[in-house]
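Each chain is listed here by its residues.
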Amino acid sequence: MADIFVSYARTDKARVAPLVAALEARGWSVWWDPEIAPGQEFDRQIARELDAAKAVIVVWTPMSVDSRWVRGEARLAADRGVLVPVRFEHARLPIDALALHTTDLDDWQEDSQGAAFQQLSRALGPLLTSTTGGTSSIGGASSASAWETARERKGRSICVLPFVNMSGDAEQEYFSDGISEDIITDLSKVSALLVIARNTAFTFKGKPVDVKGVARQLDVSHVLEGSVRKSGSRVRITAQLIDGQSGGHVWAERYDRDLSDIFALQDEISQAIVAALKMRLFPEEKRAIEDRGTQSVEAYDKYLRARPFTVSQHVQRAVDLYREVLALDPQFVQGWVGLSEALRISMIFFPQTAKAAQEEMRHALERVDALAPNTAMSYAMRGTERLLHYDWPGAEQSYAKAVELAKSNEAPFRAYGLVLSILGRHREALVAARAALRVDPLALFASFYLQWQLDLAGRDEEAEAEYARSKDLPGDRAAIEWRAMTRMWARRDDARAKQRLIAAFGHDTTFMPCHPQLAQVLDEPEKALAIIHAAFDDPRYQDGSRLGTLAHWAERYGDRDLAFRALRRGYVEMHGQTVIDIWMPVFAELRRDPRFKALVRDLGLYDYWRKSGKWGEHARPVGDDDFEVW
């Protein structure tokens, strides 16, 4: 049996042959194009070789990505944790391979000493020196998770706990949180290290922590903890790296510096952690860690102050702070990214300023494109901008590229999954949602997205199980509780729906001011519909998300005309951010109405399906210019 199994499309044999020769020149045995003895069962031999190989190289090309044999072999290899993908012609990767590092070989020029082949060799090395491969699953799903496979191959993983604010001033909390977040970001740039995302790490903030317990819970090899004391122009940072299994200190250090040295200090800490983990930083990784985006300590300080406000009702404060950041340093790319995200959130809370916010977002995107072209940040922002304009092909392509470049950042996975679900491709979106939860398992937002995708995929029992798991996760539960209530509507379990509505929204007027009123008349359809009709013309509800919510209520009480009017105003006219809701189970009956096909056409979805051929799970073509939808 060979060390390496190479999976490829037969049409690509000529380009694969030099690669095989280079691998064999390294002393590795390769199974790729064998002579099959007469009468031998080819499929069984492939299966034996695939099972026995210590590493499986999948050669992605525009031809092989469409091969069910190559994709199947990739999934089997990912299940075992031995998948090492390479790519030619910038082939578009399957979704369950996007999170795994892929070596581009277009420019390798058959040079075994070149950077591309050396990168491939480094990826193969740990697999070929071990005797077994790992196993992988996505929370019980049958699809292979390239994300989990990457985790197993990397071996080193870490959770950075929120650094404790020792300044004696609660207002300095933003600074200690910002230092923690930046260390997480820095370490995420190390390709050989899996880093637990910020949202999950911060669930331990302010709590007594058993480090070994955290390591077990998150399945990480190491935990970093520390403290920050900021006083005037001085800052003291202490940090301890702890072995997750033994609880012993691997490394500890204290740093006393002037605040003007904060960037150099962060670089020093991150690189010391990498060294303590006995890992090697590649030159491009070292450069990425050292790139702080700004040399202005004042701009950086305001940037840290802005971040906590970005995802809250106080988002306008974040917008103002980001503007101040960029006035101090217009070249600070993370400031432009932060401003864009704050503006997007502001459109939900302040719909009256949405038009101006979209224009300012467009300018922010132009600045990111100019300052950081061809990065995960730029592609993700472009995806958001195209999503808001319902440019479905553009949004899909941009987010797919962001996922490919981001590697260990879960946010692009969530965004990509959102687009896939809008397009009706719920099974693919569910893979993305599970991948996001893998790296951010205690984040309420990641749990919400998984529940949403499970609902869309018709897997409400699993959604309920994840809903129960999320009960102990910190954060704003409004969105989760709304989906949990509509899940009961779809089940026609009115008693539980009523219970959930009253518990979550009986007194909450934050997003839907009418919810407390509706909670009082749930069993009185005429009164409920009067409230819904009044809200439909109320200026406070004139944005896509709120109108989409009113459509749910109208459908609940049988007023389908109002439901369609709300959907059209909210999604066709206003390009609401929750257009994905048209596929929710609660709208199953509404989708049988002929008006739904017209809605789908006007949203641009039919044109996307017809041109791309990707019809998803809710539609299929009929003839040359018609379709069925359900």
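Residues numbered from 1 in each chain as written. Predicted model: local features only at pLDDT ≥ 70, side-chain atom pairs only at ≥ 80, totals over all residues. Heavy atoms only, no water.

Colleague: Which parts of the structure should I look at to understand the pattern of salt bridges?
Modeller: Pairing between side chains becomes possible if they bear opposite charge and their charged atoms approach one another. If you walk through the whole model with that rule in mind, you get 50 salt bridges. Among the ionic pairs, Lys471 bridges to Glu481, the shortest N-O distance being 3.8 Å. Here the residue Lys471 occupies a position in the loop between helix H20 (460-469) and helix H21 (478-491), and Glu481 occupies one in helix H21, the gap between them amounting to 10 residues. If you follow the salt bridges from partner to partner, you end up with Arg92, Glu396, Arg425, Glu428 and Lys614 in one network. (Salt bridge = Lys/Arg side-chain N within 4 Å of Asp/Glu carboxyl O. Helix = DSSP H or I, 4+ residues; strand = E, 2+ residues; numbered from the N terminus.)

Colleague: Explanation requested: helix H9 (residues 262-276) in the structure shown.
Modeller: For an α-helix the count is 3.6 residues per turn, leaving residues at separations of three or four pointing the same way. Given a rise of 1.5 Å per residue, 15 residues ought to cover 21 Å, and the 21 Å separating the end C-alpha atoms of H9 matches this to within 8%. For H9, the tally of buried residues reaches 11 of 15 residues, placing the bulk of the element in the interior. Listed as buried for H9 are Ile262, Phe263, Leu265, Gln266, Asp267, Ile269, Ser270, Ala272, Ile273, Val274 and Ala276. Residue Lys278 follows H9 closely and has a positive phi angle near 60 degrees. (Expected span 1.5 Å × (residues − 1). Buried < 20%, exposed > 50% of the residue type's maximum accessible area, 1.4 Å probe, protein only.)

Colleague: Help me understand the confidence of the model for the protein chain, please; the structure alone is not making it clear to me.
Modeller: The predicted coordinates should not be examined in detail at positions where pLDDT is low. Taken over all residues, the pLDDT of the protein chain has a mean of 87, while the share at 70 or more is 92%. In the model, residues 35-41 has pLDDT below 50 throughout and makes four contacts with residues more than four positions away in sequence or in other chains. This model gives residues 131-154 a pLDDT under 50, and the stretch forms 68 contacts once residues within four places in sequence are excluded. (pLDDT = per-residue confidence, 0-100. Contact = heavy atoms within 4.5 Å.)

Colleague: What's the story with the packing of aromatic side chains in this structure? I'm lost.
Modeller: Any aromatic ring pair is given by two values, namely how distant the centres are and how the planes are angled relative to each other. A complete count under the given rule lists 24 aromatic pairs for this structure. Relative to Phe448, the ring of Phe445 lies with its centre 6.2 Å away and its plane at 35 degrees, an arrangement referred to as tilted. Taken together, the residues Phe445 and Phe448, both in helix H19 (residues 444-456) and three residues apart, mark about one turn of the helix. Taking the relative accessible area as the measure of exposure, Phe445 reaches 43% and is therefore partly exposed. A relative accessible area of 8% means that Phe448 is categorised as buried. A ring pair is formed by Tyr606 and Trp615, whose centres lie 6.1 Å apart and whose planes are at 65 degrees; its orientation type is edge-to-face. Trp615 sits in the buried class, given a relative accessible area of 12%. Three or more aromatic residues joined by ring pairs make a cluster, and in this case those are Trp583, Phe596, Tyr606, Trp609, Trp615 and Phe627. Seen from the ring of Phe627, Lys597 lies directly overhead, with NZ or CZ sitting 5.0 Å from the centre. (Phe/Tyr/Trp six-rings, centres within 6.5 Å; stacked < 30°, edge-to-face > 60°. Lys NZ or Arg CZ within 6 Å of the ring centre and 35° of its normal.)

Colleague: Sorry, what's going on with H19 here?
Modeller: Here H19 contains 13 residues, and its C-alpha end-to-end distance of 18 Å stays within 8% of the 18 Å for a straight helix at 1.5 Å per residue. Buried residues dominate H19, accounting for 12 of its 13 residues. Listed as buried for H19 are Leu444, Ala446, Ser447, Phe448, Tyr449, Leu450, Gln451, Trp452, Gln453, Leu454, Asp455 and Leu456. Buried residues along H19 sit in contact with helix H17 (411-422), helix H18 (426-439), H20 and H21. Where H19 ends, the next residue or the one after it, Gly458, has phi of about 75 degrees, a positive value.

Colleague: Quick question: what am I supposed to make of the sheet that holds strand S3 (residues 55-60) here?
Modeller: Backbone hydrogen bonds are what pair the strands of a sheet, in a parallel or an antiparallel way. Strands sit in the order S2-S1-S3-S4-S5 across an open sheet of five strands; the sheet is parallel. Only two strands of the sheet have a single partner each, and these edge strands are strand S2 (30-31) and strand S5 (103-104). With two bridges joining them, strand S1 (residues 4-7) and S2 adopt parallel strand pairing. Along S2, the bridge assignment pairs Phe5 with Trp31. (Pairing = 2+ DSSP bridges.)

Colleague: Looking at this structure, I do not really get the environment of Leu518. What am I missing?
Modeller: Relative to the helices and strands, Leu518 resides in helix H23 (residues 515-520). For the pair Leu518 and Ala528, spaced 10 residues apart in sequence, the C-alpha separation works out to 5.9 Å.

Colleague: Just checking my understanding: could you explain the packing of H21 against helix H22 (residues 494-505) for this structure?
Modeller: In a pair of packed helices, the angle between the axes and the distance between the axes together describe the arrangement. Remark: H21 packs on H22, axes separated minimally by 8 Å, with the N-to-C direction vectors making an angle of 165 degrees. In this view, H21 runs roughly antiparallel relative to H22, as classed from their interaxial angle. Crossing of H21 against H22: the hand is left-handed. Within the contact between the two elements, H21 uses Ala478, Glu481, Trp482, Ala484, Met485, Arg487, Met488, Trp489 and Arg491 and H22 uses Arg496, Ala497, Arg500, Leu501, Ala504 and Phe505. Looking at side-chain class alone, the contact of H21 with H22 contains 10 nonpolar, no polar and five charged residues. (Axes fitted to C-alpha atoms, helices over the stretch in contact; angles between N-to-C directions. Parallel < 35°, antiparallel > 145°, perpendicular 65-115°, else oblique. Left-handed = near helix turned anticlockwise from the far one by under 90°. Nonpolar A, V, L, I, M, F, W, Y, C, P; charged D, E, K, R; others polar.)

Colleague: Please explain the pairing of strand S10 (residues 234-243) as it appears in this structure.
Modeller: For a regular strand, side-chain orientation follows a simple rule: the groups alternate between the two sheet faces. Taking burial as the measure, the 10 residues of S10 include seven buried ones, the bulk of the element. Alignment of strand S9 (residues 222-231) against S10, held across 10 bridges, turns out to be antiparallel. Counted as the bridge partner of Ser231 is Arg234 from S10. From the end of S9 to the start of S10, which pair antiparallel, there are two residues, and Gly232 there has a positive phi angle of about 60 degrees.

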